[in-house]
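Chain by chain, the residues run as shown.
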Amino acid sequence: MEKFIFLALLDVLLASLLMFQPIISSSNFTDQDALLHFKSAIEVDPTNTIKGSNWTTEADFCEWIGVVCSNRRQRVTALDFSYMGLRGRLSPYLGNLSFLASLDVRNNSFYGTILTEIGCLRRLKRLILESNQFEGNIPPNLALCQNLELMSLSVNRLTGGIPRKFGTFPKLRQLILSPNDLRGQFPSFLGNISTLQVIGLSTASLTGSIPPTFFNRSLTMVDLTHNDLSGSLPFDLCSRSPNIQWLSLADNKFSGQLPETLTQCKELLMLSLSYNRFQGSIPRDMDSLQKLQALFLDVNNLTGTIPRNIGNMSSLHMLDLGFNYIGGDIPSEISKLVDLTFMSLQRNLLTGEVPQEIFNISSLQVLGLTDNSLSGSLPSGSDLSLPNLEKLYLAKNGFGGNIPQYFSNFSNLILLEVSYNQLSGPIPTSLGNLKNLIYFGVRSNQLTGETYGAELDFLSALSNCQSLQTLFTGENPLGGSMPASIKNFSSSLQILSAPNCQIKGHLPKEIGFLKSLTFLRLTDNDLVGNIPSSIGGLESLQRLYLDNNHLEGPIPDEICNMTSLGELLLRQNRISGSIPNCIGNLSSLQKFLVSSNNMTSAIPVSLWSLQQLIFLNLSLNSFNGGLPFDMGKMRAIVSIDLSWNQLIGAIPSSIQELQSLSSLNLSRNLFQGSIPQSIGKLKGLDVLDLSYNELSSAIPKSMEGLPFLRSLNLSFNKLSGEIPNGGPFRNFSALSFIGNEALCGNATFQVPPCKLKGNKSMDKRLRLLFIMLPFVSAGQIPGFLGNITTLQVITLAKANLTGSIPLTLFNGSLRVVDFMHNDLLGSLPSDLCYRWPKIQRLLLHDNQFSGLLPETLTQCKELLQLAMSSNRFHGRIPRDIDSLQKLQFLYLGTNNLTGTIPQTIGNMSRLHELYLEYNSIGGDIPSEIGKLVNLNKMSLGGNLLTGEVPEELFNISSLQSLALSENSLSGSLPSGSELSLPNLETLVLSDNGFDGNIPQYFSNFSNLINFDAGNNLLSGPIPMSLGNLKNLRFFAVPLNQLTGEAYGAELGFLSALSNCQSLQTLSVDENPLRGSIPESIKNFSSSLRFLAAYNSQIRGRIPDEMGSLKSLTFLRLGYNDLDGNIPSSIGGLESLQRLYLDNNHLEGPIPNEICNLTRLGELLLRQNRISGSIPNCIGNLSSLQKFLVSSNNMTAVIPVSLWSLQELIFLDLSHNSFNGGLPFDIGKMRAIVSIDLSWNRLTGAIPSSIQELKSLASLDLSRNLFEGSIPQSISHLKGFRVCGATMPPCGVEESLAKARELFIRSYLKVPSPSARPDCSFSPFTVSPGQREDGRGKERGSARKDGTVIVAEVWREADPVGPGRVTAGLPAICSSNFTDQDALLRFQSAIEVDPMNTIKGSNWTAEANFCEWIGVVCSNRRQRVMALDLSHVGSIPRDMDSLQKLQELYLGSNNLTSMIPRTISNM
């Protein structure tokens, strides 16, 4: 017995000992062997975690880093190699780890296919392969892992769909497969997984609808964002999935009503239905969702109002209802949402005032109300408090009153944007207390400085904001000078933009302290004095705009220190001297415009060495000397204008080297010799003007080989021989060759035939029968002229005259005095008419005369013509103006006149033309004007006129042109069937407050050519009867509330207007048309050049018939609801230069036929659902400069031909699924400025040839799979920077979309991409995205790295587009060549004119040049400033007040909603 007990005890002891010894078996060696094979397959181990460390056979493998073993059997149960930076393939030996329950290799660079051997791991519960480079199909045999609870394969390059066997998982709780290019129909079989709680299938290219059976009771989180899913939401969604907490269906094609039953999902924490097509109202019982923290319904077609019970949703942190059609007031009940941190209601139809209660939500950090119709003053009250507010967006509304003082209490405020309202009063200096302020935007209001004419104190105050980087104050009547305290911005300020602000005085020398400044714009102000030499201290400056001021003196040599400078605009000043010889130091310079100054001397040789220069304009100066042979070095140059100078010598043959040149203007110089034969090698030349020189010999036959030459002016030279008749010469008229006596050729050129020898004509031309004064180059008016007692006519126009009119000149013999276009100053003597009793024509237009208009001016009884416009006269129009009974032409525009229009003006019975535009004249338009029965032209635009338009104006039967734009006129337009303007050709009513319908009787204006009623409050359907206007060429009604005939039907007015066979421009941008484009659009085929219907709620497909518009050069249909494929017939638009189809719902591939559009310069298809690849023939578009297809569903390799586009400047392919690598040929894109390829699946190395992209300023390759090192050659990109000389300056403003992402992560506990998440999953994919277009849906342009580019202006002006029709001073005497030739320069700058719109039409000397199609005149001088506008028909409302505009850049801005009507006094 004792022996038995002993043996039993021994057995127990042995067993106990064995419990503390490892079990050494073949299975252990199998695990170790599998791990060693895994190690050997690792190619890159940057931290030496696996390759080194303790991964040796001498150590217990269960202690190796990343390995977890079971306690009892010492078998591998978990592998965690996440975030180690490993690269290689997974070893198939991992399939031998039979006890493995968890495999986590996330955030490495493993590649190849997913191992089928993983299907052997029957104990596997967790499989996390996310954020690697796996490709190919998902192995179906993963379904053999029947114990799997979590599978995350997200952020790889998987394709081929989701295996159907996945529907058999019995325990799967979390399935994360996004983003991968899985494609195919939505996997309805996943609804069979009864345990499934979380599913992530965002950005998976899924199509079809979601079956109701998918929503099972176990689901808690569903993320299907960024797909192509369609259909409506199941009515019983909440009853099927009562535990749903997270439902994200954003960025799909879901439609229909939002189910009222959606409010039964009581557990919802986050609901995101953004970027779909849902319609109808927000469900009434939304407050039933008491746990909801985030509600995103933005970018749909929702209507109705905001439910007042939304204030009961007490858990709500984030609310985004932006970009819908929601109307009514903002309910004050929202203020009860005490936890609300983010609210965006932007771009809706909200009206009324902002409830005061909103400004007491203390938790609020972001408030966006931009782009509505809100009005009234902002809430007032010292007790209002938003202590946590960081961003406040109030722009694009109708807010009036002052900026509230309590804004300065928002101590955390980073961004304040209140631009484009009607705010008035001084900018509060207390805003200087906002120590965290980074962005401050108050553009286009009526804000002022503290005291008119004094220093701008608010600038001194804001200089206390040490973080301020961006300051936009443009288009406000600030009326003060820049303080010396501007230097206090030195450490932070990057952008300072204050155009058209009536800023006076000198540019302070302290401006040179702003070392961080990259963008300085002080255009269109009243700056005087010299440019300070301290400006050379702006070492970071990339753009400098000082144009349209009164600056004088030389350009300082110190400007050459700004080696980052990309654009320098000094035009329209009084700058003298020469261009600094050191100008060649500005190697990044791409735009240099110094036209219309008093500069002299020879052009320095170093200027011609600027190889990055694209635009050069030295016109309207007095430069002399010749052109060097070295000018051929300017390989990037696109446009050269040296007209109106005193240049001599021959045109060098080296001009043939300028292969990018498209426009060359050398007119009005003294060039001699022959036109070089080599000019025929400029194959891209569109515009050539060599007129008014002394060129001789024959016109080179080689010019017949210029395929794109559209405008040619060789007039008034000494050319001889035969005019070529081949190539582009077939399209030219006699006007191109007039004034060359020895030319011969085709009779269409109105020259004699070359083979006939007739008698020499005596060619006796009519000469002046009285002595004209010689041309005076500069200086004051000679006083001795007054000694010529017989002098009757004196003409000294455009003679660079200064000083005042000498008193000796006022003698009794003068009948005609023409001093136009000089710099004369002083006031007019009160006894002028006593001294000049016989004066008939007094022409003082475009000088600096000031003072009151003498009341005695009415005593000049013989006056026929009085031109006093573009001066600085102030006061009222003389009361007895009707005493001038012989007066036929009265020009008082562009002064500082106030008061009202005298009613007695109606007694001036002989008046033919009346121009009072751009003053500060107020009051009503007197009905007595209706008595002027001989009136032909009247311009009252740009004043402060109020009230309704008197009916009598519409009965002046002689009236040909009527311009009332930019006032505060209101009410309905006159009604009455008896109203008649049978001779009316131009009617401009834009930028007022007119409401009601467009009158039907307008269709009786049978001679109407130009009609502009943009930016009003007009409503109702566009009358179909306007189709009776057979002569109509320009029709613009943007920015109104006009509709189609019937909601959702075809737009009948388009069919009607197609009867206007001369119509060339049609702009209906930003109207709620809510219809589809009819097939009858094809009837425009012979005439229409410009079609703009941006943001007009246009629905349906683009009709095939669109391809019939052979003359169309500009097509903008962005921000509509277009769907379906882009029709292949679009390839028939053979003249098209710009195509904007961005921000729609277009799908399918880009048709190959688009490659037929060989003149296309800009192609914008971003923010659609376009799939497939970029056509291989894209390289045929040799003129393409901008190609933006971001945020689509495009795949495949980027075609090699794309990299051969040598004219391409902007390329954005981001947010797609492009794969493959970058070719070495990328270096061929020599003109490229910006490349964005982020958020794709590109692989391989960054090619070293990137060093060839010398113009590159911005490069974004983030969120791809690039490998290898950053090439050393990238250091050769000397101009490379995120914000370069040709790009907008960097700002700090984040879009609301970006801000929303940050709040999602903060409040809903979503891990940041940069943070290591827990080992479960990331349930929601947030993409920063870019909601932007030419005008921009969001504030700013969010980059993928989280930074934001903010720019007021940034892209080159469009080469086509007629701009606005407006009225101004015509060429009023034979000696006034200045304005006429400026317009001829505009005419020559048009690149394509297939319908002879500019070459013919009303572009004649007999017509008022400010009424010519495409012309916009300046406020002050009535010079042609805007020749080319990208938003045709109506200038985008945020630029509409810039009446001196010369070029228009609109990229990356915030261009929506209305501009205040009170802007008219700017």
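> Tell me about the overall build of the chain, and please be specific about residues and values.
Each helix and strand counted, the chain has eight helices and 99 strands in total. Across the 1466 residues in the chain, those meeting the buried criterion constitute 63%. Once local pairs closer than 6 in sequence are excluded, the contacts in the chain between residues at least 24 apart make up 58%. Just so you have it, the chain exposes about 49,300 Å², and 51% of that area is on carbon and sulfur atoms.

> Give me the nonpolar core: which residues, what numbers.
Counting residues in hydrophobic clusters, the biggest one holds 215 residues, and the most contacted among them are M151, F407, F592 and L616. When contributions to this core are tallied by element, the ones reaching two or more residues are α2 (26–40), β2 (67–69), β3 (76–80), α3 (237–240) and α4 (457–462). Look past the residues within four positions of F407 in its chain and what remains in contact with it is F359, L378, L392, L394, L416, L431 and L434.

> So what's going on with the sheet that holds strand β94 (residues 1265–1267)? Residues and values would help.
Taken together, the three strands give an open sheet; going across it, the order is β90-β92-β94, and neighbouring strands pair in parallel fashion. The sheet is open, and its two edges are formed by β90 (1219–1220) and β94, each paired on a single side. Pairing analysis gives two bridges linking β90 to strand β92 (residues 1241–1245), with the strands arranged parallel. Paired with N1219 across the bridge in β92 is R1241.

> Got a sec to walk through the pairing of strand β61 (residues 848–852)? Specific residues and values, please.
The pairing of strand β59 (residues 825–826) with β61 spans two bridges and is classified as parallel. Within β61, the residue paired with L825 across the bridge is Q848. Pairing analysis gives three bridges linking β61 to strand β63 (residues 872–875), with the strands arranged parallel. Pairing of G851 across the sheet is with F873, part of β63.

> Please provide a residue-by-residue account of the pairing of β3, values included.
Across the five residues that make up β3, a large majority, four, are buried. Of the strand pairs in this sheet, β2 and β3 are connected by three bridges, and their pairing is antiparallel. Residue pairing in the sheet places V68 in a bridge with A78 of β3. Linkage of β2 to β3, two consecutive antiparallel strands, is achieved through a turn of six residues, within which Q74 is found at a positive phi near 55 degrees. Of the strand pairs in this sheet, β3 and strand β5 (residues 102–104) are connected by three bridges, and their pairing is parallel. Bridging from a neighbouring strand, D80 pairs with D104 of β5.

> Quick one: what's the story with the pattern of salt bridges, residue by residue and with numbers?
Under the defined criterion, the tally for this structure stands at 25 salt bridges. The partner of E1147 in a salt bridge is K253, with the nearest N and O atoms 1.5 Å apart. Here E1147 is found in strand β84 (residues 1145–1148), whereas its partner K253 is found in strand β17 (residues 253–257), with 894 residues between them in sequence. Relative accessible area serves as the criterion here: at 25%, E1147 is assigned to the partly exposed category. Among the residues examined, K253 registers a relative accessible area of 10% and is labelled buried. The salt bridge involving D1123 is made with R277; its shortest N-O contact spans 3.8 Å.

> Which residues make up the environment of M1024, and what values go with them?
Structurally, the position occupied by M1024 is in the loop between β75 (1017–1021) and β76 (1034–1036). A relative accessible area of 40% places M1024 in the partly exposed class. The spatial distance from the C-alpha of M1024 to the C-alpha of A1056 is 5.3 Å, given a sequence separation of 32 residues.

> How would you summarise the side chain of S1087 if you had to cite specific residues and measurements?
Within the secondary structure, S1087 is located in the loop between β78 (1065–1067) and β79 (1090–1092). According to the relative accessible area criterion, S1087 is buried, its value standing at 3%. Among the polar contacts made by the side chain of S1087, one reaches the main-chain carbonyl oxygen of Q1061 at a distance of 3.4 Å.

> Requested: an account of the packing of aromatic side chains, with residues and values cited.
For the structure on display, the rule yields 35 aromatic pairs. Cation over ring: K396 sits above Y420, and NZ or CZ is 3.6 Å from the ring centre. Lying over the aromatic face of F513, K487 brings its terminal NZ or CZ to 5.9 Å of the ring centre.

> Please give an account of the confidence of the model for the chain that cites residues and values.
Looking at the chain, pLDDT values average 82 and 83% of them are 70 or higher. In the model, residues 756–777 has pLDDT below 50 throughout and makes 14 contacts with residues more than four positions away in sequence or in other chains. In the predicted structure, residues 1418–1423 sits below a pLDDT of 50 and forms 41 contacts with residues beyond four places in sequence or in another chain.

> Now, about the environment of D1012: what can you tell me, with residues and values included?
Residue placement: D1012 occurs in strand β74 (residues 1010–1012). Judged by relative accessible area, which is 0%, D1012 ranks as buried. Taking the C-alpha atoms as reference points, D1012 and L989, 23 residues apart in sequence, are found 6.0 Å from one another.

> So what's going on with the side chain of D641? Residues and values would help.
As for its position among the elements, D641 is in strand β46 (residues 639–641). Of the residues examined, D641 reaches a relative accessible area of 11% and is grouped as buried. Looking at D641, its side chain comes within polar contact range of the side chain of S643, at 2.7 Å.

> Explain the sheet that holds strand β21 (residues 301–302) to me, and be specific about the residues and the numbers.
Here we have five strands laid out as an open sheet, ordered β13-β15-β17-β19-β21, and parallel in their pairing. The open sheet terminates on both sides in strands that have one partner only, identified here as β13 (207–208) and β21. As paired strands, strand β15 (residues 228–231) and β17 are joined by two bridges and run parallel to one another. Residue G231 lies in a different strand from β17, and its bridge partner there is F254.

> Any details on unusual backbone geometry? Residues and values, ideally.
Following S178, the chain continues into P179 via a peptide bond in cis, with omega recorded as -15 degrees. Along the chain, the position of P179 falls in the loop between β11 (174–176) and β12 (198–200). In the Ramachandran plot, W644 falls in the positive-phi region, its phi being about 60 degrees despite a non-glycine side chain. With respect to the element layout, W644 can be found in the loop between β46 and β47 (648–649). Phi is positive for Q750, close to 55 degrees, though the residue is something other than glycine. Within the fold, Q750 resides in the loop between β54 (742–744) and β55 (779–780). For Q750, a relative accessible area of 69% gives the class exposed.

> Can you tell me about the state of the cysteines, naming the residues and giving the values?
Enumeration according to the criterion identifies six disulfides in this entry. Linked covalently through their sulfurs, C744 and C754 form a disulfide whose S-S length is 2.0 Å. Of note, the bridge from C744 to C754 carries an S-S torsion of about 95 degrees and is right-handed in sense. Here the residue C744 occupies a position in strand β54, and C754 occupies one in the loop between β54 and β55, the gap between them amounting to ten residues. Note on C744: relative accessible area 14%, which makes it buried. Here C120 stays unpaired: no disulfide links it, and the sulfur of C145, its closest cysteine neighbor, is 8.2 Å away.

Conventions adopted
- Residues numbered from 1 in each chain as written.
- Predicted model: local features only at pLDDT ≥ 70, side-chain atom pairs only at ≥ 80, totals over all residues.
- Heavy atoms only, no water.
- Helix = DSSP H or I, 4+ residues; strand = E, 2+ residues; numbered from the N terminus.
- Buried < 20%, exposed > 50% of the residue type's maximum accessible area, 1.4 Å probe, protein only.
- Contact = heavy atoms within 4.5 Å.
- Areas by Shrake-Rupley, 256 points an atom, 1.4 Å probe, with all protein chains shown as cover.
- Core = buried A, V, L, I, M, F, W, Y, C linked by side-chain atoms within 4.5 Å.
- Pairing = 2+ DSSP bridges.
- Salt bridge = Lys/Arg side-chain N within 4 Å of Asp/Glu carboxyl O.
- Polar contact = N/O pair within 3.5 Å; in protein donor to acceptor, adjacent residues only side chain to side chain.
- Phe/Tyr/Trp six-rings, centres within 6.5 Å; stacked < 30°, edge-to-face > 60°.
- Lys NZ or Arg CZ within 6 Å of the ring centre and 35° of its normal.
- pLDDT = per-residue confidence, 0-100.
- Disulfide = S-S within 2.5 Å.

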